[in-house]
Structures are given as structure tokens and as C-alpha cells.
Amino acid sequence: TCDHTPNTATCNDGNACTSDDVCTAGTCGGTDISVACDTDVCTVQAACATGDQCAPSTNVCFDCTAGGNLLTNCNFATDDAGWLAGFFAPGAGTQTVENGMLAVNITGAGAEVWQVQPRQIDVVLAANATYVVKFNAYATVARPIIVTLTQNGGNYTSYSGPRTFNLTPEMQQFTFEFTMAAVAPGEKVKFEFDMGGAAQNPTVPNTVYLDNLFIAPKP
């Protein structure tokens, strides 16, 4: 049979968890490394361990179109229709859709949290009903955001109470529940994210990414 002398040429062993791959004794192999090896934004980033192949990651995203969601365009499949961009001077920035997510690029934080406020209005809630709120989010820097269900107009009234969530550069799923104890307002309810203010913006500019926005009566 035909036989060849093993060499030490560079090669590729097909394993993202090794580097500097070379031929040794007729087999391609490399040095074990520990790096993030799953680049899907919706998964918790897995890291290689002792040269093993990248293990499956945990998906933190969910289907916001199921479960009786009261919001429209919850997953930004094509655009940001239904979601108002709220940059109230001196808050400043842009709101776009990137890779199926709402991207809020903040270039001016303003003095108050409400001065950067993406929102959806005319959400109808029933008095004394309990609601589940869920969403996915991450940011280019570690920072907090506030989520609240408020009266759409008139004097400021938060029906859910302001809820603060801490974002990181890794996608997370957040959830909370509240009971709409107040009498249904004459004006419909506003689902808002408050992202302004110096305390919430340690670095400017920064970008917050939102996806799978959801509110529905608790089953």
C-alpha cells in the first residue's frame, strides 16, 4: 500500500475550540483555547472548555407573537411601525431596526430618564386584571433602563410602577407582573422604556437593543 511520512504542516482540525493547528503523528490538532464560540445574539454565549467542541447554548429569546400579546409589531420583523421614537431635548439619538431588533442609539442622555423614551401608545388594559410583561434586551455598555406602563397623556400616572432592569452586552430575557388596580383611564395606556438621564448612561453614545416586547393577561 501507499504510505507517506507524517509531516508537521499547519492544518485545520475543524474545532473552534483549538488554535495553532498542526499535523502531529499523522493527525491534525491544536492548542486548547477558551473563547466565546456561539455568536447567536439570542443565546447565552458559550465558551470552549478543555478543547471540547462548542456546546449548545441556552436560548434566551422567545416568540412574542404567541400568548395573546397586546402589542403590535413586537418583533420588528421589517421596521419599527407602532413604536414611537422619543427623544426629548436635550435627549438625542436615532431609532432604527437592526437585524430584527429595535436599536436605540443614544447620543444625548438628557437630564431626565423620560427624555429618551421609545414607546407604544393606545394599549388597552382592563381594571383589576394581572398582566405579564416580557422582553429581550442588551446594550453596548452595561447600563440600566426603566420599563413602565403609564397613562397616555394627562398627569403622569404609572399603572405598573417603574421597573428598573440592568442590561449588559449579552442578550437577556426580563419579565415582571403587575395588577392594573386603577380604574381604566379615559386615555389608553402607554408601554414605555425610559433610557435617558446621566445616571442611566455612564457612556454616551451607547445603543440599547430591544426585541420580543410582550404584555398579556396572566393565564
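Thresholds, definitions, all that
Residues numbered from 1 in each chain as written. Predicted model: local features only at pLDDT ≥ 70, side-chain atom pairs only at ≥ 80, totals over all residues. Heavy atoms only, no water. Pairing = 2+ DSSP bridges. Helix = DSSP H or I, 4+ residues; strand = E, 2+ residues; numbered from the N terminus. Axes fitted to C-alpha atoms, helices over the stretch in contact; angles between N-to-C directions. Salt bridge = Lys/Arg side-chain N within 4 Å of Asp/Glu carboxyl O. Buried < 20%, exposed > 50% of the residue type's maximum accessible area, 1.4 Å probe, protein only. Core = buried A, V, L, I, M, F, W, Y, C linked by side-chain atoms within 4.5 Å. Lys, Arg positive; Asp, Glu negative; His and termini not counted. Polar contact = N/O pair within 3.5 Å; in protein donor to acceptor, adjacent residues only side chain to side chain. Contact = heavy atoms within 4.5 Å. Phe/Tyr/Trp six-rings, centres within 6.5 Å; stacked < 30°, edge-to-face > 60°.

Draft legend 1. The sheet that holds strand E6 (residues 130-139), seen in detail. Pairing is antiparallel in the open sheet, where five strands are placed in the order E3-E4-E11-E6-E9. On the outer flanks of this sheet lie strand E3 (92-98) and strand E9 (172-179), each paired with one strand and no other. Each strand axis lies, on average, 25° off the axis of its neighbour in the sheet, ignoring direction. The pairing of strand E4 (residues 101-108) with strand E11 (residues 206-217) spans five bridges and is classified as antiparallel. Following the sheet pairing, Ile106 is matched in E11 by Asn206.

Draft legend 2. Molecular detail of the pattern of salt bridges. Scanning the model with the defined rule gives two salt bridges in all. Across the salt bridge formed by Lys218 and Glu177, the nearest N and O atoms sit 3.1 Å from each other. Of this pair, Lys218 sits in the segment after E11 while Glu177 sits in strand E9, and the two are 41 residues apart along the sequence. A residue is classified by how much of its surface remains accessible, and Lys218, at 44% relative accessible area, is partly exposed. Residue Glu192 pairs with Lys190 through a salt bridge whose shortest N-O separation is 3.4 Å. Taken individually, Glu192 and Lys190 each receive the classification buried, so the pair is uniform in this respect.

Draft legend 3. Expanded view of the nonpolar core. If you look at the biggest cluster of nonpolar residues, it comprises 32 residues, and the most contacted ones within it are Phe191 and Phe193. Elements with a minimum of two residues in this core: E4, E6, strand E7 (143-151), strand E8 (163-167), E9, strand E10 (189-194) and E11. When residues of this core are assigned to their parent elements, the largest contribution, five residues, is made by E6. Among the nonpolar cores identified, the runner-up in size contains eight residues, and Cys42, Val60, Cys61 and Tyr209 belong to it.

Draft legend 4. Main features of the side chain of Arg119. Within the fold, Arg119 resides in strand E5 (residues 119-123). Glu192 is the oppositely charged side chain nearest to the buried, salt-bridge-free Arg119, at an N-O distance of 6.7 Å. Within the local environment of Arg119, its side chain forms a polar contact with the backbone oxygen of Gln117, the two atoms lying 3.2 Å apart. If sequence neighbours within four positions are ignored, Arg119 has contacts with Gly82, Trp83, Leu84, Ala85, Gly86, Phe88, Lys190, Phe191 and Glu192.

Draft legend 5. Structural view of the packing of aromatic side chains. Taken as a whole and assessed by the stated rule, the structure comprises 13 aromatic pairs. Arranged with centres 5.9 Å apart and planes meeting at 50°, the rings of Phe76 and Trp83 form a pair that is tilted. Side by side, Phe76 and Trp83 carry an identical accessibility label, which is buried. Plain terms: the ring middles of Phe88 and Trp114 are 6.1 Å apart, the flat faces sit at 55° to each other, and that makes the pair tilted. Note that Phe88 is positioned in the loop between strand E2 (27-32) and E3 and Trp114 in the loop between E4 and E5, a separation of 26 residues in sequence. For Phe88, a relative accessible area of 32% translates into the label partly exposed. The exposure class of Trp114 is partly exposed, given its relative accessible area of 41%. Connected via pairs of aromatic rings, a cluster forms that spans Phe76, Trp83, Tyr131, Phe135, Phe165, Phe174, Phe176, Phe178, Phe191 and Phe193.

Draft legend 6. Seen up close, the sheet that holds E5. Ordered in space as E5-E10-E7-E8, the four strands form an open sheet in which the pairing is antiparallel. The open sheet is flanked by E5 and E8, the only strands paired with a single partner. Neighbouring strand axes in the sheet, compared pairwise and without regard to direction, differ in orientation by 20° on average. Judged from the five bridges that link them, E7 and E8 form a sheet pairing that is antiparallel. The partner of Ile145 across the bridge, within E8, is Phe165.

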